[in-house]
There are 2 protein chains.
Amino acid sequence: MKPKTPSPSVIKRLPRYHRTLYSFKKKGLDRISSSELAQTMGLTASQIRQDLNCFGGFGQQGYGYNIDSLIDEISRILKIDTTQKAVLIGAGYLGHTISNYLDFNQCGFELVGIFDNSNSVVGSTMADITIKHIDELLDFCKEHNPTMVVLTVPTAALKQLKPLIIECNFKGVWDFTLGDLNLDNEGIFVKNTRLSDSLKTIRYYI
Amino acid sequence: MKPKTPSPSVIKRLPRYHRTLYSFKKKGLDRISSSELAQTMGLTASQIRQDLNCFGGFGQQGYGYNIDSLIDEISRILKIDTTQKAVLIGAGYLGHTISNYLDFNQCGFELVGIFDNSNSVVGSTMADITIKHIDELLDFCKEHNPTMVVLTVPTAALKQLKPLIIECNFKGVWDFTLGDLNLDNEGIFVKNTRLSDSLKTIRYYI
């Protein structure tokens, strides 16, 4: 069967499959059935078979999925089996959290630079990286070609940063501000993570 | 027309409507058309009319939506027009970021307590709140009745915290760990925010 192109909603679920399969692997398991996966993930077995069929399907009736093959295949689809370079702008508490708390390498990225506009932090280290001044970003990018930038800056800084982001030739932006950064016309993918939106939906459900 | 119950996907979009409408209000606007909203939010005008019809609809053909009424109605649906008490467990960098960076009150919550198990941070302040020892949580909850808990603890701490969370009678949990906390059987809503999953989907799109 020819694999179909996964839909955005399948792509959104893939990191969760990846993580769940890893936890089974860590427990020493080789194979897993769609119903076991379904139970752990709170999905139906048929939903899982449908999702995994999108990229070829590795299950054998009554025998389940080979966990290692599935992890490899999901990593390949998500492209996290190889890393690209990333930089972070904004070395405040949020920048500190993101750079220290997240395992960029596990997510297909290598964090290679951290930038800020405040001389009080430039020169100090964060996640073992020496913080550079934002004025050095363009030259840094020309030399190292990072493809992704994490923005942990105040929302007000977004407008000023926009032309610089375009000039630096990033392919993706992970934006933590409250702004509405849109770089579709420049062909740059923007992922907004607005923690306040999550908090508002929690209020709805309780 | 009788309003329908909004679907989970509409609920997920409501905070964005709320935020976008606020930005128009701040610019001094009273009314907005579905096509203007659509352009700003990158949705179709028909999608927007469909979403807003879910809760009664405030638009008049050729005249648009009254921004204030729409903000009020969305706040009411999300229940962020009133606040409930929330506590946070885990006073590390992530806890610091969440408690200082987010405006809980705007999201329908009042952060009333921060707890940690390390004596080195207990007694110091974070977001103007004195950090208490985790052993004081249960008594604190009996006295103040917070309905929501934010977990910014290491994933390994989750197993130990689970019975305490149930005992404290929370109705909702905002979980930042990498675990798979499930409290469906206890009727507790759990929202997981896994930043690493977001990062993995960025890698896919660039």
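Here's what I pulled together on the structure shown here. The structure displayed is predicted, hence computed values, not measured ones. (Residues numbered from 1 in each chain as written. Chains lettered and ligands numbered in written order. Predicted model: local features only at pLDDT ≥ 70, side-chain atom pairs only at ≥ 80, totals over all residues. Heavy atoms only, no water.)

### Thoughts on helix 5 (residues 93–101) of chain A
Residues of helix 5 of chain A that are buried: Leu94, Gly95, His96, Thr97, Ile98 and Ser99 of chain A. Considering only its buried residues, helix 5 of chain A is in contact with strand 3 (84–89), strand 4 (109–116), strand 5 (125–126) and strand 7 (148–151) of chain A together with helix 5 (93–101) and helix 8 (195–205) of chain B. (Buried < 20%, exposed > 50% of the residue type's maximum accessible area, 1.4 Å probe, protein only. Helix = DSSP H or I, 4+ residues; strand = E, 2+ residues; numbered from the N terminus. Contact = heavy atoms within 4.5 Å.)

### Thoughts on the side chain of threonine 147 of chain B
Here threonine 147 of chain B is to be found in the loop between helix 6 (137–144) and strand 7 (148–151). Classification of threonine 147 of chain B by relative accessible area gives buried; the value is 10%. Side-chain polar atoms of threonine 147 of chain B contact the side chain of glutamine 84 of chain B, separated by 2.6 Å. Excluding its chain neighbours within four sequence positions, the residues that come into contact with threonine 147 of chain B are Ile206 of chain A together with Gln84, Lys85, Phe109, Phe170, Lys171 and Gly172 of chain B. (Polar contact = N/O pair within 3.5 Å; in protein donor to acceptor, adjacent residues only side chain to side chain.)

### Observations regarding the packing of aromatic side chains
Per the counting criterion, the structure on display carries nine aromatic pairs over all chains. Aromatic pair tyrosine 93 of chain A and tyrosine 93 of chain B: ring centres 6.1 Å apart, planes at 40°, arrangement tilted. Residue tyrosine 93 of chain A is found in helix 5, and its partner tyrosine 93 of chain B is found in helix 5; the two belong to separate chains. When its relative accessible area of 44% is taken as the criterion, tyrosine 93 of chain A is described as partly exposed. The ring of phenylalanine 109 of chain B carries arginine 203 of chain A above its face, with NZ or CZ at 5.9 Å from the centroid. In this arrangement the basic side chain of lysine 79 of chain B is found over the ring face of tyrosine 204 of chain A, its NZ or CZ atom lying 5.7 Å from the centre. (Phe/Tyr/Trp six-rings, centres within 6.5 Å; stacked < 30°, edge-to-face > 60°. Lys NZ or Arg CZ within 6 Å of the ring centre and 35° of its normal.)

### Looking at empty space enclosed by the protein
If you walk through the whole model with that rule in mind, you get one cavity of 30 Å³ or more. There is about 30 Å³ of room inside the largest cavity. Around the largest cavity, the lining residues are Leu94, Ile98, Phe176 and Leu195 of chain A together with Leu94, Ile98, Phe176 and Leu195 of chain B. Among the elements of the structure, helix 5 of chain A together with helix 5 of chain B are those that each provide at least two residues to the lining of the largest cavity. For the lining of the largest cavity, the residue count by class is eight nonpolar, no polar and no charged. (1 Å grid on protein atoms, 1.4 Å probe; cavity = no way out; pocket = protein on both sides within 12 Å on 5 of 7 lines; lining within 4 Å. Points joined across faces, edges and corners; volume = space filled by probe spheres on them. Nonpolar A, V, L, I, M, F, W, Y, C, P; charged D, E, K, R; others polar.)

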